[in-house]
Structures are given as C-alpha cells and as structure tokens.
Amino acid sequence: MSVLSILAPAHEARHEARPEARPEVQPQVRAGAQPQAPAGAQAEVPEAPTGAQAAARSGARSGAQPGARPGVPAGGRALPAVLGADLEVPVRGGRLVPYANFDYAASAPCLAAAQEAVAAALPAYSSVHRGAGYASQLTTARYEQARHTVRAFAGARPGDAVVFTRNTTDATNLLARCLPEGTTVVVFDTEHHASLLPWPRAVRLAPPAFPGEAVRAADDALAGIEGPALLVVTAASNVTGELWPIAALAHIAHRHGARILVDAAQLAPHRGLNLAALDLDYVAFSGHKLYAPFGAGALIGRPDWLAAAEPYLRGGGASRDVAEADAPQWSEDPEQRHEAGTPNVLGAIALAAACEALSATGWTPLVRREERLLARLRAGLASVPGLRELSLWGPDHPRVGIVSFTLAGWTAREVAEALSAEYGIGVRDGRFCAHPFVRHLLGDGDCASGTGGAVRASIGLGTTEEHVDRLTAALRELAGRR
Ligand SMILES: Cc1ncc(COP(=O)(O)O)c(C=O)c1O
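As the structure is a computational prediction, the values presented were derived from the model and not from experiment. (Residues numbered from 1 in each chain as written. Predicted model: local features only at pLDDT ≥ 70, side-chain atom pairs only at ≥ 80, totals over all residues.)

Overview of the overall build of the protein chain
Secondary structure assignment for the protein chain yields 18 helices and 17 strands. Sorting the 482 residues of the protein chain into buried and exposed places 53% on the buried side. Considering only intrachain contacts with a sequence separation of at least 6, the fraction spanning at least 24 residues in the protein chain is 69%. (Helix = DSSP H or I, 4+ residues; strand = E, 2+ residues; numbered from the N terminus. Buried ≥ 20, exposed ≤ 12 C-beta atoms within 10 Å, placed from the backbone. Contact = placed C-beta atoms within 7 Å.)

Let's talk about the site of the ligand
Taken together, 14 residues form the shell around the ligand, and within it Asn167, Thr169, Asn238, Ala265 and Ser286 come nearest. Among the elements of the structure, helix H6 (168-178) and helix H7 (193-196) are those that each provide at least two residues to the shell around the ligand. Of the residues belonging to the shell around the ligand, the class tally is 3 nonpolar, 10 polar and 1 charged. (Near = placed C-beta within 6 Å. Nonpolar A, V, L, I, M, F, W, Y, C, P; charged D, E, K, R; others polar.)

Focus: the sheet that holds strand E7 (residues 229-234)
A sheet is described by the order of its strands in space; here 7 strands give the open sequence E4-E10-E9-E8-E7-E5-E6, paired in mixed fashion. The open sheet has two edge strands with one neighbour each: strand E4 (161-165) and strand E6 (202-205). Put simply, the sheet's adjacent strands are angled 20° from each other on average, direction ignored. Here strand E5 (residues 184-188) runs beside E6; their pairing, made up of 4 bridges, is parallel. The partner of Val186 across the bridge, within E6, is Val203. Packed onto the sheet, helix H8 (residues 211-223) meets E5, E6 and E7 and runs at close to 160° relative to E5. (Pairing = 2+ DSSP bridges. Axes fitted to C-alpha atoms, helices over the stretch in contact; angles between N-to-C directions.)

Some thoughts on the packing of H8 against helix H9 (residues 246-255)
Two elements in contact, H8 and H9, have axes whose closest approach is 9 Å; the angle formed by their N-to-C orientations is 15°. Between H8 and H9, the interaxial angle falls into the category roughly parallel. In this structure, H8 meets H9 at a crossing whose hand is right-handed. Residues Ala214, Val215, Ala218, Asp219 and Leu222 of H8 touch H9, and the partners they reach there are Ala248, Leu249, Ile252 and Ala253. (Parallel < 35°, antiparallel > 145°, perpendicular 65-115°, else oblique. Left-handed = near helix turned anticlockwise from the far one by under 90°.)

Notes on the nonpolar core
One recurring pattern in soluble globular proteins is that nonpolar side chains are buried together. In this structure, Leu231, Ala350 and Ala354 are the most contacted members of the largest nonpolar core, which totals 141 residues. Looking at this core element by element, the count peaks at 12 residues for helix H13 (residues 345-361). Lining this core are residues from two domains, each supplying at least three of them: domain 1 (134-361) and domain 2 (363-481). (Core = buried A, V, L, I, M, F, W, Y, C linked by C-beta atoms within 7 Å. Domains from an automatic or database assignment.)

Side note on helix H5 (residues 134-154)
Owing to its 3.6 residues per turn, the α-helix aligns residues three or four sequence positions apart on the same side. The end-to-end C-alpha distance of H5, which contains 21 residues, comes to 30 Å, matching closely the 30 Å that a straight helix rising 1.5 Å per residue would cover. Among the 21 residues of H5, 18 are classified as buried, and the element is accordingly described as predominantly covered. (Expected span 1.5 Å × (residues − 1).)

What to know about the environment of Gly94
Tracing the backbone shows Gly94 in the loop between strand E1 (88-90) and strand E2 (96-98). Its 6 C-beta neighbours within 10 Å are what place Gly94 among the exposed residues. With 327 residues separating them along the chain, Gly94 and Ala421 place their C-alpha atoms 9.8 Å apart.

Some remarks on unusual backbone geometry
Phi angles above zero are rare outside glycine, and Tyr291 is one such case at about 70°. The residue Tyr291 is located in the loop between strand E9 (282-286) and strand E10 (297-301) in this model. Of note in this structure, Phe432 is not a glycine but carries a positive phi near 55°.

Some points on the pairing of strand E8 (residues 259-263)
Along a regular strand, successive side chains alternate from one face of the sheet to the other. The buried fraction of E8 is high, at 5 of 5 residues. Across the two faces of E8 the burial is the same, with Arg259, Leu261 and Asp263 and Ile260 and Val262 all buried. Taken together, the 5 bridges between E7 and E8 define a ladder with parallel strand orientation. Residue pairing for E8: Val233 is matched across the bridge by Val262. In the classification by handedness, the crossover that spans E7, the intervening H9 and the parallel E8 is right-handed. (Right-handed = clockwise from strand over helix to strand, strands pointing away.)

Section: helix H18 (residues 465-481)
Taking 1.5 Å per residue, 17 residues should reach 24 Å; H18 reaches 25 Å between its end C-alpha atoms and fits that length. Among all positions of H18, only His467, Val468, Arg470, Leu471, Thr472, Leu475 and Leu478 are buried.

Thoughts on the sheet that holds strand E17 (residues 454-458)
Strand order in the open sheet formed by 4 strands is E13-E14-E17-E16, and the pairing between neighbours is antiparallel. Every other strand in the sheet has two partners, leaving strand E13 (387-389) and strand E16 (428-430) as the edge strands with one partner each. Mean inter-strand twist for the sheet, computed between neighbouring axes without regard to direction, equals 30°. Where strand E14 (residues 402-407) and E17 come together, 4 bridges link them in antiparallel fashion. Its bridge partner being in E17, Val403 is matched across the sheet by Ala457. Packed onto the sheet, helix H15 (residues 412-423) meets E14, E16 and E17 and runs at close to 160° relative to E16. Sitting on the sheet, H18 is in contact with E13, E14 and E17, with an inclination near 15° to E14.

In structure tokens:
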C-alpha cells in the first residue's frame, strides 16, 4: 500500500484490497494532507496533530502539560515530555516524596504526545475500515496513517507488512502461527519468554560467552537444519541491557537461507531501528514500553509467510468473502488477514505519536543523555558494598539503560520493597520473564525460590540525575544495615 493511498480517503485506501467496499460518497479527505473535517464540522472534528507536532508542542510548552516532564535539553532540543513527572508517592511514616521511576523496561510512562494524539482522535472516533460515514473515514485514515508512521519508525522496506498487535508477546505468537510447515526455530536461552516460548519446534542455544560466540553458535545450529529456519534474537536484553550483534546474526541467518526475527521490545525505546539497513526479516515491539501505553504493539516484516498463513484470528476483517462458513476466502493482504475484528485504533495512534516524537527529537541526543545517566547509575551502583551487577558479556559491552543486580544479605524482593517503602523508588525484582537467563547469570541456588532473582533498575525519558543519586544513596544505606 502506498503512502499516498494511506493518506487518501479511507475508502480509497481500503479499495485496493476490497473493491466491493467502495462507498459512493466522496469524503473531503485530501491525499497528502492531514484529514480535515468537512465545512461546518470543524468544531466537532479537530485536526489530529501528528505525533511530531504534539511532541514539539509538549517540549516547547515547558511545564504546560500537567505532570509532564519536558526533560533535560538534549543537544539544544527539549526531550519529549512524559506524564507523571510530578507524581508523589507515600513512604513509610506517611510523608509524600517525588516518585523515582526505575521501571521503564517493564512499562514506560506515557508521552504527552501520545496522550495528545489520542485526545485529538477521540472526538471523531468511529468504526474503522467498513464505515462510510465521515468520522469512519477519518478514523480509518488516522489508523492507516499510524501504520505508515510505525513503518517509517522501524525503517521497514516498502513491501513489508506492519501488523498491529497487542504487544511483543502477541507479535511473536502471531509469527509462530505463520511459520511455513516444518520450520525450525533457533533461539538463545537468554531470551525473554515472549521470544523463547511461542515456537513449536525450537533448537535452544546456551548463553554465549561473548558476542562472537553467539554468531558462531547460530552459524553451527543453522548449518544443520534442513528446510525453513528462523533465528530469534533480542536486540537488547531486558535483564542486562546488553546489545546483541543483530546485524552479524542476520548475515549468518541469511547465509543459511534462514530468516531472523528481532525482539526489539527493549531496543525500540532506546535506539533507532532500521529493519532495511540491518537486513532483518521481522521485528516486534510493544507500545507500552515505547511511551504509548494504550495496548498496541507491532510485528513488522516480510509479507509472504504472513499472507500464506491461516489468519491469526478468524473473523470479520480477515475474510474477503464468505459464501460457506466452513470455507471462507481470507484476505490476501497480510495486515488485514491478521487483524480480524475491530483493531485497537487508539493504541495504534498513540504508538505512532510516540514513534514520531522520538524520531523528531533524534536518537543522537537521546542516546547521549541516556548514556550519561547510565554511566552515573553504574558508577553509583559500583560504589555500593556487596552489590553485584549482572552481565553476560562484561561491564564494557554496550548496553541500553537497564541494569540488574543483587545485594549481599538481601533478597531482591526485600530490596525492591525497601526502596519503594522508604525512598519512593520503583524498581522491578524477580526473574523478568527470562528465567533461564537469570538462572544462568545467578546460578540455580539464587534463583530457584520465589524470592530469588535480581533487582532491575531501568531508565528512560523522565529519569533525572536526582533519581539516580537517590537510588544509589538508598542502596548504600540498605547495604550498611546487613
Ligand atoms: C525483550 C522483551 N521481549 C518481549 C517482552 C514482552 O513484552 P510484552 O509484555 O509487551 O508483550 C518484554 C517485556 O518485558 C521484553 O523485555
């Protein structure tokens, strides 16, 4: 589907795949323009700001959005504002303190741009794809525009499918259902369960001792496979933040005629993504980790396996024609085929707005700022007696803003509870839905029980130096107690 057709009147965009659905009325939505309300309806149907416009407004209006943090200027540009920056939480004794959120890797706070895009779309919200009414046309145009924005954010190739899903887990499960008969999946034990568990036939590889070993292990495993194969790998670990050599792994996969799925759930909020440049076949990520917590995610990649598979859900939207209920004709468009039922339009709009806001700021200042904060955090943690940072490939390996650690004399749960109750600090504790990997990093003894695991501190757009220093000081105090 072309950019122009996405921006064109909604019924025309869908007409490519569904000629029978073409309505007679010509709506006043101009190709190449943001959808406009018809004359006389201007007050009721606001023009939707693109995510970038919303982000620019949020950044410029420092403090105007209640609870939004415009952030530290990065390279002269304001950061996209996140909601909840003025959240205060009770600590022991009933005092209120500003919340220090170190749980971005689980779910990031909402970007003001995402909230504004949703608020702008709501007054004209209506059915998508099948409605002839003007609000339906507008909502459909916004939904398809969101697909286009997410495609651009991921650096997808023109022919790639962009399927909106609920989250990364939904995206990996969708691809698992679309694998050609007999496909063997190769996956490292270091994966999040979302990328470890969906596969019917998987060869599991042990955690590699260094990045080159990951490439060699994948090479060996793929060499022994007959028939279709898929290599599944995370781009950035949700446990250690460490970046994986995805370009080299893609190269190896392709040398063996295999495909690669990259779990970008933790990469997408922290680094630019370019499917085409990295030569990846599929990527998956979640809106709620990307500052758009409205229940949408995406699977993006090659359309052929998706177009040939049974629909992920059987129902309206996926079906092209149903003469006999037991022999429906399914849409050949991979996006329609796997998005049966009414999609999460607002989730897609929010996700697109977040993608635009991050892209408009630019990754260079975002990464620089994160690296500064991460270095401060890791230096602070290194000064805490008895604290051990978890790492697969050593302290110098590049990573995103995620650190997991243990504290001698404390269980992870005790640390997390004390940080919350006494200091107003939110971290995650446990095994982070990556049980085999955390077990490998900790050893079985530390990980087997319900209280086992580690503490994870993850940072993002709302993190400040004060948050980092508060966390470090709190951990030093805790360490001194036992
Ligand atoms: C690397 C990674 N992959 C997949 C997921 C699953 O994401 P979701 O819960 O949004 O499906 C997560 C969530 O923590 C993750 O960190």
